[in-house]
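# Close look at the chain arrangement
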There are 2 protein chains.
Amino acid sequence: MPRALHGLAALRSLLAPRSVAVIGASPTPASMGARTLANLQGFPGRVFPVNGRYTEIGGRRCFATLADLPGTPDVAIIALAKDRVEQAVADCAARGVGAVVIYAAGYAETQEVEGAAAQARLAAIGREAGMRVVGPNCAGLADLRRGMVLGFPEFPASVANGRAIGLVSQSGALGLALAQAAQRGVALSHVLTSGNSCDVDVADWVAALAESGDCAAIALCWEGGAPRDRLVEAGRIAAARGVRIAACRLGLSVLGAEQALFHTGSVVAPAEDFTGLCAEAGFVPVQRIEALIETAGFLAKAPARPLARGVGIASGSGGTAILAVDAASRHGVAVPAPAAETVAKLRAALPAFAAPRNPCDATAQVTANPQVLRGVVDALLGDPAIGALVCPWGKAYRSDNIAFLGEAARRNGKPVCLVWMSQWLEGPGVIEAEAEPDVAVFRSLDSCLAAVAAWMAQAR
Amino acid sequence: MPRALHGLAALRSLLAPRSVAVIGASPTPASMGARTLANLQGFPGRVFPVNGRYTEIGGRRCFATLADLPGTPDVAIIALAKDRVEQAVADCAARGVGAVVIYAAGYAETQEVEGAAAQARLAAIGREAGMRVVGPNCAGLADLRRGMVLGFPEFPASVANGRAIGLVSQSGALGLALAQAAQRGVALSHVLTSGNSCDVDVADWVAALAESGDCAAIALCWEGGAPRDRLVEAGRIAAARGVRIAACRLGLSVLGAEQALFHTGSVVAPAEDFTGLCAEAGFVPVQRIEALIETAGFLAKAPARPLARGVGIASGSGGTAILAVDAASRHGVAVPAPAAETVAKLRAALPAFAAPRNPCDATAQVTANPQVLRGVVDALLGDPAIGALVCPWGKAYRSDNIAFLGEAARRNGKPVCLVWMSQWLEGPGVIEAEAEPDVAVFRSLDSCLAAVAAWMAQAR
């Protein structure tokens, strides 16, 4: 029988350690040991470099062995070459360390018997000692808001805007690529990776994040290193706490699944299982990785339930209005004709030559006169058949209307999706939009309507 | 019988005017007349403001009427309210002006008889005088490299890197949104819009651009304002000149097509017609507007013909390698096993724990040691079964390897696609990649493999 989820309590030594040992600490700049120590610069607890070759590294006392430490660390990061990892993990278990993080590769992902056996031994050591193991072949983890990094890559700084996303990625490199969304203003609480997942897996991370209350939604990507039962259970824990999950599974193709064996040694279920899992676990499935963060951002910002099943479309460009309708059709989202009262409000807001319809093309007037867009947004969000507003945003420019969209979303209890149509992908205005706690930013109408459709369907 | 295409010669007064009249010129900052004049600041020919209320605007002599001009302008921009447009167009025809550009809205897109009739009268005046008409309800056009703007919106400055894309958009606002790609380093030659397309339509623009030799590929988006025969003919003209076309049609859904009526008065054919048209005209169909510019960029940079039907995948992250294989599977692109000689080269390049496969996960070593990626790229591009290289790029950072990818692409006569996996969408390194004339930049593996598949299929 597979084990139950490691809950937040069991993972606290990893998520909120008071002391960290770095076994294999090093002053050599590019080494994993040095990069890990650099990442611990702002760590609020105690840091113990361990390496018999040094007595001091970067101003910190360096200990020859784990046994020399003045206390037992909550977590030990094993920044050693593979041939020295097992002994270090055994030493940690003997010392009573709460958890270890293992970077080294060369285990199950080699697809060779020895690698798989070595990985199983690491898992067994941890299991017998009640010590959590993250990895091997992993990049570590970070709590970005508390500046706590247990890992060697460069993690982004936190952005404290609106409702945060917790990011869980089996793959370290992919997780870090996604986490760079923080550089364009996306609020992330954590980046948690699991690599070969010999003990702690993505399901454990999801459940613990949901329990932590630190994030409003979770972005999850993984290939197969977690059993279905645990993923479903993690989904239920998250749902009970109102934390929504956007999920993207790697290896949906047969060849991709084969490749996953060589990455983290994961055995990947067929694509159909992904769809079924999402339905059962309450995950919002994301087909393309580039939509994962924006979908999670929407789920973090949208209210719990839609007040109606249709979308309003408010655009300053007729072309983007057509594209928005096309995307809504593709995802089965209704674009209801406005009620009589809404038509009257639209007429009052619009220039004479614009049609009081849904979608509403407010024409180029939206840049000349900001009030036009405001009137259209108020009219559509007030319509009883409309549960969310899609606002394709044509040109990169700063505008008070961005804050207005946030205010209107809050006032109506309906989410506003600002779809950035400009190919100046990080042009002026978009960081401001991302910072609005009630405005979801997409760079694809298709991803937007897919997310809205899933949100509306989940509430059924 | 529908008219033949306006060729480059017939559109030269628009694309290479020596003199421009602005009818409705104005000093009022936000007015279309003022914005048009501002856009003509760097225009190398003569500019004639026309407005009976002023004798001078911004240091230029202003003429009371068209009859007062010292010469006949090649083109007149009609920046007037709708009720004064028809007389102005008639005046231009009488004076022998080569072409007019009409901004005013309120014509066929109103879906009212009067609007359609007024538009038909404009077309008739132009047709009888042999005077080209752009619009009405259009944003104008620009030759970005020559700094020639006949329009009121803010057009981007040109980026002279690599092989340029000509952008043709029926919708002005959408065209400008896409044109902001220049801000992230995409080389654009022109932005040409047609609005309601009562005379000059997107097919004319495509054919003229192809004839001009100014661009290596064309990005086309439109809703229906051009007959199929002319689009096919334009596609053939482009194909004969080696200019490839990425095409995205708006209004693929029934509701979207209905919306197009209210935008530019266009009657849009069903979605099936788009697929058939692309096959016949040799357009590469693009399903999602956000992929249009990157697909056109790939077509501008890729060699004429693939040397083989498979792709190589060189990644620094196992996760992105899996996703790349998934995308290749989705689009039916082969990821061939490497030849024996390639395996040997991969082994020599890779660290011991990495597998000499295709896809090749070169592991995090690619950032620590740039030579690893170079060896992998050379090995895969040298494989006789591989016609293009897909390189998922995990982290935003500047690297000499970007220039290496360009050099390797040229040396092998095979395109390299750098797929920017970082969610720091305009982070360090990506402008440098875009500037490489032989490296196509995508931000979506799916868009990348769709483009590669279409390129390989077209060459059959």
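Structure shown above.
Read on for an overview of the structure. This is a predicted model, so every value here is computed, not measured. (Residues numbered from 1 in each chain as written. Chains lettered and ligands numbered in written order. Predicted model: local features only at pLDDT ≥ 70, side-chain atom pairs only at ≥ 80, totals over all residues. Heavy atoms only, no water.)

It is worth spelling out the overall build of chain A at this point. In terms of helices and strands, chain A carries 17 helices and 19 strands. Here chain A has a C-alpha radius of gyration of 24 Å; the compact-globule value for 460 residues is 23 Å, and the two agree. Once the C-alpha set of chain A is aligned to its principal axes, its extents read approximately 80 × 45 × 35 Å. Put simply, chain A has 460 residues, and 63% of those count as buried. (Helix = DSSP H or I, 4+ residues; strand = E, 2+ residues; numbered from the N terminus. Rg over C-alpha atoms; globule rule 2.2 N^0.38 Å. Buried < 20%, exposed > 50% of the residue type's maximum accessible area, 1.4 Å probe, protein only.)

By a widely used convention, the size of an interface equals the accessible area lost when the partners come together. Counting residues at the interface gives 57 residues for chain A, matched by 57 residues for chain B. Contact between chain A and chain B buries roughly 5,000 Å² in total, counting both sides, with carbon and sulfur atoms accounting for 57%. Among the residues chain A hides against chain B, the three largest losses belong to A:Gln259, A:Ile322 and A:Gln423. Together they make up 15% of the total. On inspection of chain A and its partner chain B, the count reaches 6 salt bridges. With 10 residues, the single largest contributor to the side of chain A that touches chain B is helix 11 (residues 318-330) of chain A. Looking at side-chain class alone, the side of chain A that touches chain B contains 25 nonpolar, 18 polar and 14 charged residues. (Contact = heavy atoms within 4.5 Å. Buried area = accessible area lost by both parts, 1.4 Å probe. Salt bridge = Lys/Arg side-chain N within 4 Å of Asp/Glu carboxyl O. Nonpolar A, V, L, I, M, F, W, Y, C, P; charged D, E, K, R; others polar.)

Another point: the pattern of salt bridges. Enumeration according to the criterion identifies 50 salt bridges over all chains in this entry. A salt bridge links B:Glu154 to A:Lys395; the shortest N-O distance between them is 3.4 Å. Of the two residues, B:Glu154 sits in the loop between strand 9 (148-151) and strand 10 (165-169) while A:Lys395 sits in the loop between strand 17 (386-393) and helix 15 (400-412), which places them in two different chains. A relative accessible area of 57% means that B:Glu154 is categorised as exposed. Owing to a relative accessible area of 33%, A:Lys395 belongs among the partly exposed residues under this scheme.

Let us now look at the pairing of strand 6 (residues 99-102) of chain B. All names here are of chain B. Neither face of strand 6 is open: one carries Ala99 and Val101, the other Val100 and Ile102, and all of them are buried. Here strand 5 (residues 75-78) runs beside strand 6; their pairing, made up of 4 bridges, is parallel. From the neighbouring strand, isoleucine 78 faces strand 6, where its bridge partner is isoleucine 102. At this point the chain moves from strand 5, through helix 3 (residues 82-95), to the parallel strand 6, and the crossover so formed is right-handed. Where strand 6 and strand 7 (residues 132-134) come together, 3 bridges link them in parallel fashion. Residue pairing for strand 7: valine 101 is matched across the bridge by valine 134. (Pairing = 2+ DSSP bridges. Right-handed = clockwise from strand over helix to strand, strands pointing away.)

Let us now look at the packing of aromatic side chains. If you walk through the whole model with that rule in mind, you get 14 aromatic pairs over all chains. Ring geometry for A:Phe298 against A:Phe442: centres 6.0 Å apart, planes inclined by 50°, an arrangement best described as tilted. In this pair, A:Phe298 sits in helix 10 (residues 292-301) while A:Phe442 sits in strand 19 (residues 439-442), placing the two residues 144 residues apart along the sequence. As far as the burial class goes, A:Phe298 and A:Phe442 line up, both buried. Put simply, the rings of A:Trp222, A:Phe274 and A:Phe283 touch in pairs and so form one group of aromatic residues. The ring of A:Tyr107 has A:Lys82 lying over it, and the distance from NZ or CZ to the ring centre is 5.1 Å. Against the face of A:Phe262 rests B:Arg357, its NZ or CZ located 3.9 Å from the ring centre. (Phe/Tyr/Trp six-rings, centres within 6.5 Å; stacked < 30°, edge-to-face > 60°. Lys NZ or Arg CZ within 6 Å of the ring centre and 35° of its normal.)

All names here are of chain B. With respect to the element layout, alanine 120 can be found in helix 4 (residues 113-129). Residue classification places alanine 120 among the partly exposed residues on the basis of a relative accessible area of 45%. As a C-alpha pair, alanine 120 and leucine 5 span 115 residues in sequence and 19 Å in three-dimensional space.

Let us look at the relation of the copies chain A and chain B. Placing chain A over chain B gives an RMSD of 0.0 Å and needs a rotation angle of 180°, together with 0.0 Å of translation along the axis. What the superposition gives is, in effect, a two-fold axis relating one chain to the other. Of all interface residues in chain A, 100% are interface residues in chain B too; the two copies therefore contact each other through one and the same surface. (Least-squares fit on C-alpha atoms with pLDDT ≥ 70 in both.)

With that out of the way, let us pick up the sheet that holds strand 1 (residues 19-23) of chain B. By definition, the strands of a sheet pair up through backbone hydrogen bonds, in either a parallel or an antiparallel sense. Residues and elements named next belong to chain B. Spatial ordering of the open sheet is given by 2-1-5-6-7, a layout of 5 strands whose pairing is parallel. Each edge of the sheet is formed by a strand with only one pairing partner; in this case those strands are strand 2 (46-50) and strand 7. Each neighbouring strand pair of the sheet contributes to a mean axis angle of 20°, computed without reference to strand direction. In this structure, strand 1 lies alongside strand 2, joined through 5 bridges in parallel fashion. The partner of alanine 21 across the bridge, within strand 2, is phenylalanine 48. Set on the sheet, helix 2 (residues 32-39) makes contact with strand 1, strand 2 and strand 5; between it and strand 1 the angle comes to about 165°. Contacting strand 1, strand 5 and strand 6, helix 3 crosses the sheet at an angle of about 175° to strand 5. (Axes fitted to C-alpha atoms, helices over the stretch in contact; angles between N-to-C directions.)

Attention now goes to unusual backbone geometry. Following A:Gly135, the chain continues to A:Pro136 via a peptide bond in cis, the omega torsion being -5°. Residue placement: A:Pro136 occurs in the loop between strand 7 (132-134) and strand 8 (140-143). Look at the link from A:Asn358 to A:Pro359: it is a cis peptide, with omega at 5°. Checked against the element boundaries, A:Pro359 lands in the loop between helix 12 (340-349) and strand 16 (360-361). The residue B:Asn137 is not glycine, and still its phi comes out positive at about 60°. Along the polypeptide, B:Asn137 turns up in the loop between strand 7 and strand 8 (140-143). With a relative accessible area of 22%, B:Asn137 lands in the partly exposed category.

The next point concerns the sheet that holds strand 11 (residues 188-193) of chain A. All names here are of chain A. The 7 strands lie next to each other as 9-8-11-10-12-13-14, forming an open sheet whose pairing is mixed. The sheet is open, and its two edges are formed by strand 9 (148-151) and strand 14 (283-285), each paired on a single side. Within the sheet, the average angular offset between the axes of one strand and its neighbour, ignoring direction, is 15°. In this sheet, strand 13 (residues 244-249) lies alongside strand 12 (residues 217-222) in parallel orientation, the contact comprising 6 bridges.

All names here are of chain A. If you trace the backbone, aspartate 204 turns up in helix 6 (residues 202-212). The class of aspartate 204 is buried, set by a relative accessible area of 0%. The contact partners of aspartate 204, leaving out residues within four places of it in the chain, are Arg3, Leu5, His6, Leu11, Asp199 and Arg230.

What follows is about the environment of B:Pro384. With respect to the helices, strands and loops of the structure, B:Pro384 is situated in the loop between helix 14 (370-381) and strand 17 (386-393). With 153 residues separating them in the primary sequence, B:Pro384 and B:Leu231 have C-alpha atoms 37 Å apart.

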